[in-house]
Amino acid sequence: MKESIFTDPFKKARQETGIGEMDDQNDPVAMILGHKEVRRAAHNWKSYSSGAIPGRIVIPSEVNIRSIRQIPFEVDPPQHGAYREVVEKWFKRPLEKKYEEELTLQIEALVIEVLEQDSFEVIHDFALVLQSQALTLLFNVPFEEAQTWISWGTHVFRSKDSALDGAKANVLYDYIDQKLAESSSNPGKDFYAVLLAAEVDGKKLSAEEAKGVLILTFAGGRDTVINAVTNSIAYFAEHPKSLEWLRKEPELLPTAIEELIRYFSPLTQMGRVATQDTMVCQHAVKADSRISLCWASANRDETVFENADEVVLDRKANPHVAFGFGTHNCLGATHARQVMKVLLRTLIAKVKSIDIHDAKDNIEDLGDFKRKVGFDSLTVKFNKI
Amino acid sequence: MAQITFISSDNKSTVVSGNSGNLMELALQNKIEGIEGNCGGVCSCATCHIYVQPEDWTKIGPPNEMESDMLEFDDKTTNYSRLSCQIQVTDAIDGIVVNVA
Ligand code: HEM
C-alpha cells in the first residue's frame, strides 16, 4: 500500500514561509506555495509575465533548446486572448458525442488487450499508447499517426540521459514542419488546417505561430496525461474498494476525476518572470527574476482542503489548481477530463482488480524538494471481472 | 418543481424546470449557451458563472467563502454573481431569472 502514496514535500516550507527556493541552470526560482497566493499571482499577469523569452517560464528552463514561442502559453493578455479565441472551440470538441464514442472504442480495445497479458508495463505499453491514440482525435488525423508519436517516447524534450534533449526536440520540429507544409498545399479537416486558416487580429497565423501552438499541444498534453493515467492505475491497484465504490456509484466519476487530478497534480509548477520589483509572502522578488506557481503545493494547502493528503473520491468542494488558474488555464483540460472519464468507465466495466508487480518512482529534483510526480515504470496485471 | 429562466449572452431566454441537483447541471441538461461546468461542479473552474436578478438575491443568498474566493478573480464578477454549480435546485428558487455571465 505505498506505491500510490504521493507525499507533499512542500508542507513545511508552505507553512513556515510560503516560499520555496530552487536553482535551475543559474536562473533561480522563488516558488509560491500557498493556494491563495498561487491564485493571486496567476491572476496578476501584469506583474508576473508569461511573455518572457521562449522557454524561460518552463522549469527546467528550455531557453537553451528552444527559440520558438509556444502559443498561447508564452503570450500575455491582451494578445493572449486573441490567440486563444482561434483555438478555444477546437479544444472543446472532446465534449461531442462522436469524439467520446471513438475515444471509448480506443480505450476499450486497449484495456481488452492488456487484460489478456500476465503483466504489462503501464507507462510505455498502456499510458503512452492511450495518450497518443487519443491525441489523434484531438488533431482529427488518422489513427495510424499514433504509431509515430508513440515512437518518440514519453517526453518530447527529455531523454533517458538528459532532462533537456535538443536533438530529440528536433525530431518533433521537423515532423511539424513537414505536416504544416503538407497541409498548406493540401488542407484536410485536421488541426493543422484549422491553424493555417486561422486569423488573429485580421492577419493569418504564420507558419511559425502555428508551429508554436503545435509544439505546445504535443508537449503539454503528453507526460501530464501519462502521469494522470498511470498514477490513477496505481491508486486503484492499492484501493480495490474505491474501484468497487465507483462501480456501484458511477455518478461519482466526475468528482473522483477532479480529486485524482488534484492529488497527483501531474504538472508540478509553472514559472513566470517578474516585470517589476514585487513582494510575495514577505519575500522580495526582483524585476526580471523568476517565480513559479506551484500547483502541486497549492493543491495540498491544508487551509483549503480538509485531509489534503488523502484521496477523497467524493470530495464535493475541490477548488484545485491542477489545470492552472485564470488566464492560462489548461486548454487541454476538456480532452484530459474526457480521457480520464472514459478510462475509469472502462476500468469499472472490465477490470475486477489490479496487482502491482513492480514500480520505480519518477522523482523530480526541485532543489530542497524532492517530489514524486509519477513512475519511471509500473508493471501490473489487470484481473478480469 | 422549480421553474428557472436562463438568459444567455445573446439575450435568448429559456425556461426550464427541475427539482434536484444543482443549477449548473440543470443548465447543461437543457443545453443553455455559455454554461460549461468544466469541472463537474466542484468549484474549481468558474465556467458556470451566472448573474442573479437583484430581486431574487434573497431567495438565493450569497456565495460561501470558497465560492467567493473563486469569483474574486473573475473579471466579470458583479455584486450579483454566483457559480451555478453551488446552487441547489429546490422549490425555494422557483421563478428566478438568471443571466449567463
Ligand atoms: C491531466 C493533464 C493535464 C494537466 C494536469 C495540465 C496542466 C496545465 C496547467 C497547470 C496549465 C497552466 C500553465 C500556466 O499557467 O502557465 C496548462 C496549460 C495548458 N495546457 Fe495543460 N494540462 C494537462 C493536459 C493537457 C492536454 C491534454 C493538452 C493538449 C493536448 C494541454 C494543453 C495545454 C495548453 C495549450 C495550455 C496553455 C493555455 C494558455 O496558455 O492559455 N494540456 N496545463
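Conventions used here
Residues numbered from 1 in each chain as written. Chains lettered and ligands numbered in written order. Predicted model: local features only at pLDDT ≥ 70, side-chain atom pairs only at ≥ 80, totals over all residues. Heavy atoms only, no water. UniProt positions renumbered as here; feature names shortened; annotations may be inferred. Helix = DSSP H or I, 4+ residues; strand = E, 2+ residues; numbered from the N terminus. Rg over C-alpha atoms; globule rule 2.2 N^0.38 Å. Buried < 20%, exposed > 50% of the residue type's maximum accessible area, 1.4 Å probe, protein only. Areas by Shrake-Rupley, 256 points an atom, 1.4 Å probe, with all protein chains shown as cover. Lys, Arg positive; Asp, Glu negative; His and termini not counted. Charge placed at Lys NZ, Arg CZ, Asp CG, Glu CD. Expected span 1.5 Å × (residues − 1). Arc of directions from axis to C-beta. Pairing = 2+ DSSP bridges. Donors = N, O, S within 2.8 Å, 3.2 Å for Na, K, Ca; no water. Contact = heavy atoms within 4.5 Å. Buried area = accessible area lost by both parts, 1.4 Å probe. Salt bridge = Lys/Arg side-chain N within 4 Å of Asp/Glu carboxyl O. Polar contact = N/O pair within 3.5 Å; in protein donor to acceptor, adjacent residues only side chain to side chain. Disulfide = S-S within 2.5 Å. Core = buried A, V, L, I, M, F, W, Y, C linked by side-chain atoms within 4.5 Å. Near = heavy atom within 4 Å. Nonpolar A, V, L, I, M, F, W, Y, C, P; charged D, E, K, R; others polar. Axes fitted to C-alpha atoms, helices over the stretch in contact; angles between N-to-C directions.

An unreviewed UniProt entry annotates chain B as Ferredoxin, 2Fe-2S of Cellulophaga baltica. Quoted verbatim from the Sequence similarities (unreviewed entry) heading of the UniProt record, the comment on chain B is "Belongs to the adrenodoxin/putidaredoxin family." The record in UniProt for chain B states the following under Cofactor (unreviewed entry): "[2Fe-2S] cluster".

The name an unreviewed UniProt entry assigns to chain A is Cytochrome P450, from the organism Cellulophaga baltica.

This part takes up the overall build of chain B. For chain B, the helix and strand inventory stands at three helices and five strands. Put simply, chain B runs from its N terminus to its C terminus through helices and strands in the order β-β-α-β-α-α-β-β. At 12 Å, chain B has a C-alpha radius of gyration in line with the 13 Å of a compact globule built from 101 residues. Seen through its principal axes, chain B has C-alpha atoms that stretch 30 × 25 × 25 Å. Burial status across chain B gives 49% buried among its 101 residues.

What follows concerns the overall build of chain A. Per the secondary structure count, chain A includes 14 helices and 12 strands. Against the 2.2 N^0.38 benchmark of 21 Å for 385 residues, chain A shows a C-alpha radius of gyration of 20 Å, consistent with a compact globule. For chain A, the spread of C-alpha atoms along the principal axes amounts to about 60 × 60 × 40 Å. Within chain A, buried positions represent 57% of all 385 residues. Total accessible area computed for chain A in this model is approximately 16,400 Å², and 52% of it derives from carbon and sulfur atoms. On chain A, the mean spot of the 47 positive side-chain charges and the mean spot of the 57 negative ones are 4 Å from each other.

This part covers helix α7 (residues 166-185) of chain A. Residue and element names in this part refer to chain A. Its 20 residues place the ends of α7 29 Å apart at the C-alpha level, agreeing with the 28 Å of an ideal helix rising 1.5 Å per residue. Of the positions making up α7, those classed as buried are A169, L172, Y173, Y175, I176, K179, L180 and S183. Buried positions in α7, seen along its axis, are confined to an arc of 160 degrees and lie on one side of it. Turned more than 90 degrees off the buried face of α7, the exposed positions are A167, D174 and S185.

Now for the sheet that holds strand β7 (residues 270-274) of chain A. The pairing of strands in a sheet comes from backbone hydrogen bonds and takes either a parallel or an antiparallel form. Pairing is mixed in the open sheet, where five strands are placed in the order β1-β2-β10-β7-β3 (chain A). The open sheet terminates on both sides in strands that have one partner only, identified here as β1 (19-22) and β3 (48-49) of chain A.

Octahedral metals with six donors have ideal donor angles of 90 or 180 degrees. Tetrahedral metals with four donors have an ideal donor angle of 109.5 degrees. No other protein atom reaches the iron atom of the ligand as a donor apart from A:C330 (SG), found 2.3 Å away. Mapped onto the secondary structure, A:C330 falls in the loop between α13 (295-298) and α14 (333-350).

Contacts between the two partners involve 15 residues from chain A and, on the opposite side, 13 residues from chain B. Taken together, both faces of the contact between chain A and chain B bury some 1,300 Å²; the carbon and sulfur share is 58%. Interface area lost by chain A to chain B is led by A:R39, A:H43 and A:R337, which between them contribute 31%. Applying the counting rule to chain A against chain B returns three salt bridges. As a salt-bridge pair, A:R40 and B:E72 come within 3.8 Å of each other at their nearest N and O atoms. The tally of links between chain A and chain B comes to three residue pairs in polar contact (both at pLDDT 80 or more). Of all the secondary-structure elements, those providing two or more residues to the side of chain A that touches chain B are α2 (35-43) and α12 (253-264) of chain A. Among the elements that line the side of chain A that touches chain B, the one with the most residues is α2(A), at four residues.

On to the state of the cysteines, then. Two cysteines joined by a covalent bond between their sulfur atoms form a disulfide. Residue and element names in this part refer to chain A. Under the counting rule described, the total for this entry stands at zero disulfides over all chains. Free cysteine: C294, not disulfide-bonded; nearest cysteine sulfur from C281 at 12 Å. Note on C294: relative accessible area 0%, which makes it buried.

So, about the nonpolar core. Membership of the largest hydrophobic core comes to 92 residues, with the highest contact counts inside it found for A:F126, A:F218 and A:F382. The biggest single contributor to this core is helix α5 (residues 122-139) of chain A, with 12 residues. Not counting residues up to four positions away in its chain, the partners in contact with A:F218 are A:L135, A:F139, A:W149, A:W152, A:L172, A:Y175, A:I176 and A:Y192. Membership of the second largest hydrophobic core comes to 52 residues, among which are A:L216, A:A274, A:I291 and B:A27.

What follows covers the site of the ligand. Residue and element names in this part refer to chain A. Surveying the vicinity of the ligand reveals 28 residues, the closest of which are H80, R84, R272, H328 and C330. A distance of 3.3 Å separates an oxygen atom of the ligand from a polar atom in the backbone of F73. Within the side chain of R84, a nitrogen or oxygen atom sits 2.7 Å from an oxygen atom of the ligand. Sorting elements by how many residues they give to the shell around the ligand places helix α9 (residues 207-220) first, with three residues. Partitioning the shell around the ligand into residue classes produces 15 nonpolar, 11 polar and two charged.

This part takes up the pairing of strand β11 (residues 351-366) of chain A. Residues and elements named next belong to chain A. Note: β11 against strand β12 (residues 369-384), 14 bridges, orientation antiparallel. Across the sheet, the residue bridging to I356 is V380, located in β12. Between the end of β11 and the start of β12, which pair antiparallel, lie two residues, with G367 showing a positive phi angle near 60 degrees.

Below, the discussion takes up the sheet that holds strand β2 (residues 13-18) of chain B. Residues and elements named next belong to chain B. Here five strands make up an open sheet; going across it, the order is β2-β1-β5-β3-β4 and the pairing mixed. Looking at the sheet topology across the chains shown, the edges are occupied by β2 and β4 (81-83). For this sheet the average axis-to-axis angle between neighbouring strands, irrespective of direction, equals 35 degrees. When strand β1 (residues 2-7) meets strand β5 (residues 97-100), the two strands line up parallel, connected through three bridges.

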